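Now for the letters of each chain:
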Amino acid sequence: MAKVDESRVLSLILGGGKGTRLYPLTKERAKPAVSFGGKYRIVDIPLSNCINSGFKKIYLLTQFNSASLHLHIANSYNFDRFSNGFVEILAAEQTLEHEGWYQGTADSVRKNFVHFKSQNPTHYIILSGDQLYRMDLRMFLDEHIASGADVTIATTAVNRRDASGFGIMKIDDKKRITEFMEKPAPDKNIDDWRIPAESRDPLLPKEKEYLASMGIYIFNAKTMEELLDNDKTDFGKEIIPMAIKTKKVNSYIYDGYWEDIGTIRSFYEATLDLTNVEPKFNFFDEKSPIYTHMRNLPPCKMNQATLTASLTSDGCVITDSMITNSVIGVRSIIESGTVLKGVITMGADFYESEEDKEANQKGGIPNIGIGKHCAITKTIIDKNARIGDNCSINVSGKKYEDGDHGNFYVADGIIVIRKNAVIPAGTII
């Protein structure tokens, strides 16, 4: 098998649209820029997969609320002049050829061919900006080349119940995809779409009998340009079904952990899973680290605290508190007597000075962070939130309808305290 020139492999990370399913975390930032795991951003996951696999020419395609994302990328990913690597954001732009927004995933790639072609690529790797997984993209590319495929789609095995939420692939005994079905109805008979025995990993759970598209693709460069020579806008719904009919399209069956974290519930559950003794996604891997912004913050300071199954990030100050099954973000300030259970704090962008705190006190405004004697459960607290003393959040048993409630938002029973929100002392939510 011929060795691939890594410098001619372009990784394209799709930043997604408005991110309505992750609202209000996406009210002021793009989905890839949402904080994750205390100190990271979601976009750090696919970027780190690319870098750890040796693919360092990376484009990030986005168009909504991209300022925070721009800042994070600029502060985090600076390659030396000898590597020929880069992470470049391509936001939607007006040109003489096109004036509108990206109309879909395929359209975003088509409109940026002028930037890609200057790199003379042989292959494109298409990645999603809002998924949680570790993948050796080099192995993915090697299998693609060895198979002689024009396109290879990363797939994951799912059970029949979950199959209704994905695009399902039918493959032959050589892993060639012969048919594609978008989100089959729960009562539809898809027995003949089961994974063939010849292609099935014997370690897969028996109930996982179907292959779901992960939204991760490898295209030969010429194939990509040919398939996008039209006005079709979406990879999953239009380009991939068309490719299956006209090109050799193979499945790369990925057997590791993979989670789409595109909703508040999936984001909350995936984040809290990090606190388990053996999390499904493990940040503690020296050979394949997850990269992020190096902030040079001081270590987390515990002024007497009880922490159980929790993560704390750089620069926190925690005083006489009880924290269980929680993820505490950078620069989080948690005052004495506070109890947190199942809480995600995204921390703060800055520390307040003593002068700031004195002014807050005179104005009756809580300091940034969580005040004294608060009780909070099953809550996401976005950045720079101010929660006063003696507040109670999601512990009274009161039920809220999903949707907007002013300073907080509710999704699937999970309360989200908005970015920069001010929750006065004594508030009960």
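Residues numbered from 1 in each chain as written. Predicted model: local features only at pLDDT ≥ 70, side-chain atom pairs only at ≥ 80, totals over all residues. Heavy atoms only, no water.

Novice: Is there a simple way to think about the overall build of the protein chain in this case?
Specialist: The helix and strand inventory of the protein chain stands at 10 helices and 27 strands. The C-alpha radius of gyration computed for the protein chain amounts to 23 Å, which stays within 12% of the reference 22 Å derived for 429 residues, consistent with globular compactness. When the 429 residues of the protein chain are sorted by exposure, 51% land in the buried category. Nonlocal contacts in the protein chain, meaning residues at least 24 apart in sequence, comprise 63% of its contacts between residues at least 6 apart. Within the structure as shown, the protein chain displays about 20000 Å² of accessible surface, and the carbon and sulfur contribution to it stands at 48%. The distance from the centre of the 52 positive side-chain charges to the centre of the 56 negative ones in the protein chain is 0 Å. (Helix = DSSP H or I, 4+ residues; strand = E, 2+ residues; numbered from the N terminus. Rg over C-alpha atoms; globule rule 2.2 N^0.38 Å. Buried < 20%, exposed > 50% of the residue type's maximum accessible area, 1.4 Å probe, protein only. Contact = heavy atoms within 4.5 Å. Areas by Shrake-Rupley, 256 points an atom, 1.4 Å probe, with all protein chains shown as cover. Lys, Arg positive; Asp, Glu negative; His and termini not counted. Charge placed at Lys NZ, Arg CZ, Asp CG, Glu CD.)

Novice: Sorry if this is basic, but what is going on with unusual backbone geometry here?
Specialist: Excluding glycine, residues mostly have negative phi values, and the peptide bonds linking residues are mostly trans. The omega torsion across Tyr-23 and Pro-24 is 10 degrees, close enough to zero to call that bond cis. Within the secondary structure layout, Pro-24 lies in the loop between strand 1 (9-14) and strand 2 (35-36). Here Arg-331, not a glycine, exhibits a phi torsion of approximately 60 degrees, which is positive. For Arg-331, the position within the fold is in the loop between strand 17 (327-328) and strand 18 (333-334). If you check the backbone angles, Asp-412 has positive phi at about 55 degrees while not being a glycine.

Novice: In this structure, what is going on with the nonpolar core? I would like to understand it.
Specialist: The nonpolar side chains of soluble globular proteins are, as a tendency, buried together. Judged by nonpolar contacts, the single largest core of 34 residues is most densely connected at Val-109, Phe-116, Tyr-124, Ile-126, Phe-219, Met-224 and Phe-235. Not counting residues up to four positions away in its chain, the partners in contact with Tyr-124 are Leu-10, Leu-12, Phe-113, Phe-116, Tyr-217, Ile-218, Phe-219, Ala-221, Met-224 and Glu-225. (Core = buried A, V, L, I, M, F, W, Y, C linked by side-chain atoms within 4.5 Å.)

Novice: For this particular structure, what's the right way to read the pattern of salt bridges?
Specialist: Taken as a whole, this structure holds 21 salt bridges when the rule is applied. We note a salt bridge from Glu-6 to Arg-138, for which the minimum N-O separation is 2.6 Å. Highlighted residues: Glu-6 in the segment before strand 1 and Arg-138 in helix 5 (residues 137-147), separated in sequence by 132 residues. Residue Glu-6 is classed as partly exposed on the basis of its relative accessible area, which comes to 32%. Sharing partners across several salt bridges, the network here consists of Glu-6, Arg-138 and Asp-142. (Salt bridge = Lys/Arg side-chain N within 4 Å of Asp/Glu carboxyl O.)

Novice: Explanation requested: the environment of Thr-20 in the structure shown.
Specialist: Within the element layout of this structure, Thr-20 appears in the loop between strand 1 and strand 2. Judged by relative accessible area, which is 61%, Thr-20 ranks as exposed. A C-alpha to C-alpha distance of 8.5 Å links Thr-20 and Thr-263, two positions 243 residues apart in sequence.

Novice: Looking at this model, I keep getting lost on the environment of Lys-399. Mind explaining?
Specialist: Relative to the helices and strands, Lys-399 resides in the loop between strand 23 (392-393) and strand 24 (403-404). For Lys-399, a relative accessible area of 76% puts it in the exposed group. Considering only alpha carbons, one finds Lys-399 and Pro-205, 194 residues apart in sequence, at a separation of 37 Å.

Novice: It is not clear to me how the packing of aromatic side chains should be interpreted in this structure. Could you clarify?
Specialist: Given two aromatic rings, their pairing is described by the distance between the two centres and the angle made by the two planes. Under the criterion given, the structure shown has 16 aromatic pairs. Ring geometry for Phe-116 and Tyr-124: centres 5.8 Å apart, planes at 65 degrees, overall edge-to-face. Assessed through its relative accessible area of 0%, Phe-116 is described here as buried. An aromatic cluster of at least three residues, connected via ring pairs, comprises Phe-36, Tyr-40, Phe-267, Phe-281 and Phe-283. Here the basic side chain of Lys-117 rests over the ring of Phe-113, its NZ or CZ set 5.5 Å away from the ring centre. The ring of Tyr-351 has Arg-331 lying over it, and the distance from NZ or CZ to the ring centre is 5.9 Å. (Phe/Tyr/Trp six-rings, centres within 6.5 Å; stacked < 30°, edge-to-face > 60°. Lys NZ or Arg CZ within 6 Å of the ring centre and 35° of its normal.)

Novice: Explain the state of the cysteines to me, please; I cannot follow it from the model alone.
Specialist: What is meant by a disulfide is a covalent connection between two cysteines, made through their sulfur atoms. In total, this model carries zero disulfides according to the counting rule given. There is no disulfide at Cys-300, and the cysteine sulfur nearest it, in Cys-316, is 4.4 Å away. Overall, Cys-300 belongs to the partly exposed group, its relative accessible area being 24%. Counting only cysteine sulfurs, Cys-374 is the nearest neighbor of Cys-391, a cysteine outside any disulfide, at a range of 4.8 Å. Cys-391 gets classed as buried once you look at its relative accessible area, which sits at 2%. (Disulfide = S-S within 2.5 Å.)

Novice: Help me understand helix 9 (residues 264-273), please; the structure alone is not making it clear to me.
Specialist: Along an α-helix, residues three or four positions apart point the same way, because every turn accommodates 3.6 residues. Burial analysis of helix 9 places eight of its 10 residues in the buried class, the great majority of the element. Within the span of helix 9, buried status applies to Ile-264, Ser-266, Phe-267, Tyr-268, Ala-270, Thr-271, Leu-272 and Asp-273.

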